[in-house]
Amino acid sequence: MAVRTAVRAAVVPATGAPLEITGIELPEPGPGQVRVRLAAAGVCHSDLSLSNGTMRVPLPAVLGHEGAGTVVSVGEGVTHLAAGDAVVLNWAPSCGACHACSLGEVWLCADALTGAANIHARRVDDGTDLHPGLNVAAFAEETVVDAGCVLPCPDGIPLADAALLGCAVLTGYGAVHHSAKVREGETVAVFGVGGVGLATLQAARIAGASKIVAVDVSPEKEELARAAGATDYLVASDTTAREIRALTAKQGVDVAVECVGRAVTIRTAWESTRRGGRTTVVGIGGKDQQVTFNALEIFHWGRTLSGCVYGNADPARDLPVLAEHVRAGRLDLGALVTERIALDGIPAAFENMLAGKGGRALVVF
């Protein structure tokens, strides 16, 4: 067996079980693999969805999919990376060969998550084999990933902040620019002011939206939302759609982006758009979240409702674009982060997400 090195990691042992911070043993990188020492990892709602069973992956697993760090070593055949390189982790690498990839829709790659079934590491205490969550197992001091899960960190981006490029920013920016295709002067409503929602607000501002309405259950998030680009802020209620129409000359917004993943929020986002408006759903909800429409209203309103996976993003294409926005001062990565925590702080960050508190929690190693 290959030489293994022990590091600390956040492990979900079973669906619905509490997260455990424990020692794991990582192998040295094999052919086509890269070992990365993490600088930071963002705590995303998808990690919570993996732990509670909303999204299914093989368990037990090391969670974490939004990360950046430094290459420690590379396996045989990896020639484009070397020890010391700063990198961003890509949790959804595309195969380039499936039907979706042949259409250029790499965010829908059929093989993107096949690596989640692999054995990634084992626990130090009892030898239990561990899977890599969403491919990259970023909630650990170090990780070993396929070379396709590693992208060069753009120049001029602080490595800890660069972790956010791996999911929240790609998703929020892509929802606005690739999925909804917001045009300059259009009006936008963003539902949910977490990490992805804050990135979406900034992306709408970059797109030149004339009015950006942020909606969240927490009144405490108004300052965060306005700093990200919101021109108006609403606390979610039964009258949210009516309030948004009142802010837009009784028309409704051109575009609504839903970042929550709840049936009632998706329905409200759709109702908040004008006749012919577009709603993009970024939030990941459970199978029990049923959204209903009647045939007449679908015809009458002429609206579009679209799902959005990973911001319809191609990380290799989009990371340089995002980096340029950061360097030019248009995109503020630090503004997404409301707390910087240690690995031991992830369980509390999960609780804050469940309670609707804060933006992005960033684990800094």
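- The name given to the protein in an unreviewed UniProt entry is Zn-dependent alcohol dehydrogenase, with the source organism recorded as Streptomyces plicatus.
- Its UniProt record gives the protein a comment under Sequence similarities (unreviewed entry), which states: "Belongs to the zinc-containing alcohol dehydrogenase family."
- The UniProt entry for the protein carries this comment under Cofactor (unreviewed entry): "Zn(2+)".

**Side note on the UniProt feature "domain: Enoyl reductase (ER)" (unreviewed entry) in the protein**
Argument step 1. This chain's UniProt record puts "domain: Enoyl reductase (ER)" (unreviewed entry) on residues 16-363.
Argument step 2. The straight-line gap between the two end C-alpha atoms of residues 16-363 is 22 Å; of that span, 27% is helix and 26% is strand.

**Examining the side chain of Glu258**
Argument step 1. Within the secondary structure, Glu258 is located in strand 14 (residues 253-258).
Argument step 2. For Glu258, which is buried and forms no salt bridge, the nearest opposite charge comes from Arg262, at a distance of 7.3 Å.
Argument step 3. Setting aside chain neighbours within four positions, we find Glu258 in contact with Phe191, Thr265, Ile266, Ala269, Thr280, Val281, Val282 and Gly283.

**Notes on the environment of Thr248**
Argument step 1. By secondary structure assignment, the location of Thr248 is in the loop between helix 7 (240-247) and strand 14.
Argument step 2. Of the residues examined, Thr248 reaches a relative accessible area of 10% and is grouped as buried.
Argument step 3. For the pair formed by Thr248 and Thr273, sequence separation is 25 residues and the distance between their alpha carbons is 9.7 Å.
Argument step 4. Excluding residues that lie within four positions of it along the chain, Thr248 makes contacts with Lys211 and Val253.

**Notes on the nonpolar core**
Argument step 1. In terms of nonpolar packing, the biggest core is built from 97 residues, with Val43, Leu201 and Ile346 touching the most fellow members.
Argument step 2. The leading source of residues in this core is helix 5 (residues 195-207), at 8 residues.
Argument step 3. Once residues lying within four places of it in the same chain are set aside, the contact partners of Leu201 are Val190, Val193, Ile212, Ala214, Ala225, Ala228 and Ala230.
Argument step 4. Listed in part, the 11 residues of the second largest apolar core include Val7, Ile24, Ala121 and Ala140.

**Considering the pattern of salt bridges**
Argument step 1. Enumeration according to the criterion identifies 20 salt bridges in this entry.
Argument step 2. Of the charged contacts, one joins Lys221 and Asp216 as a salt bridge, the two residues approaching to 3.7 Å between their closest N and O atoms. No difference in accessibility class separates Lys221 from Asp216, as the two residues are buried.
Argument step 3. Salt-bridge contacts for Arg317 lead to Asp318; the nearest nitrogen and oxygen are separated by 2.7 Å.
Argument step 4. For Asp318, a relative accessible area of 4% translates into the label buried.
Argument step 5. Shared partners join several salt bridges into a network, and the residues in it are Glu20, Arg123, Asp125 and Asp126.

**A closer look at the packing of aromatic side chains**
Argument step 1. This model, assessed by the stated rule, comprises 2 aromatic pairs.
Argument step 2. Judged by centre distance (4.7 Å) and plane angle (45°), the ring pair of Trp91 and Tyr310 falls under tilted. Taken together, the positions of Trp91 in the loop between strand 6 (86-89) and helix 2 (99-102) and Tyr310 in the loop between strand 16 (304-307) and helix 10 (315-327) put the pair 219 residues apart, joining distant regions of the chain.
Argument step 3. What makes Tyr310 buried here is its relative accessible area of 7%.
Argument step 4. Considering the side-chain rings of Trp270 and Phe293, the 4.8 Å spacing of their centres and the 65° angle between planes classify their relative orientation as edge-to-face.

**A look at the sheet that holds strand 11 (residues 187-191)**
Argument step 1. In spatial order, the strands read 13-12-11-14-15-16; together these 6 strands make up an open sheet with parallel pairing. Each edge of the open sheet is held by one strand with a lone partner, namely strand 13 (232-235) and strand 16. Across this sheet, the average inter-strand angle for adjacent strands is 15°, counted without regard to direction.
Argument step 2. Alignment of strand 12 (residues 211-216) against strand 13, held across 4 bridges, turns out to be parallel. Its bridge partner being in strand 13, Ala214 is matched across the sheet by Tyr233.
Argument step 3. Helix 7 contacts strand 11, strand 12, strand 13 and strand 14 of the sheet and is inclined by roughly 160° relative to strand 13.

What counts as what
- Residues numbered from 1 in each chain as written.
- Predicted model: local features only at pLDDT ≥ 70, side-chain atom pairs only at ≥ 80, totals over all residues.
- Heavy atoms only, no water.
- UniProt positions renumbered as here; feature names shortened; annotations may be inferred.
- Helix = DSSP H or I, 4+ residues; strand = E, 2+ residues; numbered from the N terminus.
- Buried < 20%, exposed > 50% of the residue type's maximum accessible area, 1.4 Å probe, protein only.
- Lys, Arg positive; Asp, Glu negative; His and termini not counted.
- Salt bridge = Lys/Arg side-chain N within 4 Å of Asp/Glu carboxyl O.
- Contact = heavy atoms within 4.5 Å.
- Core = buried A, V, L, I, M, F, W, Y, C linked by side-chain atoms within 4.5 Å.
- Phe/Tyr/Trp six-rings, centres within 6.5 Å; stacked < 30°, edge-to-face > 60°.
- Pairing = 2+ DSSP bridges.
- Axes fitted to C-alpha atoms, helices over the stretch in contact; angles between N-to-C directions.

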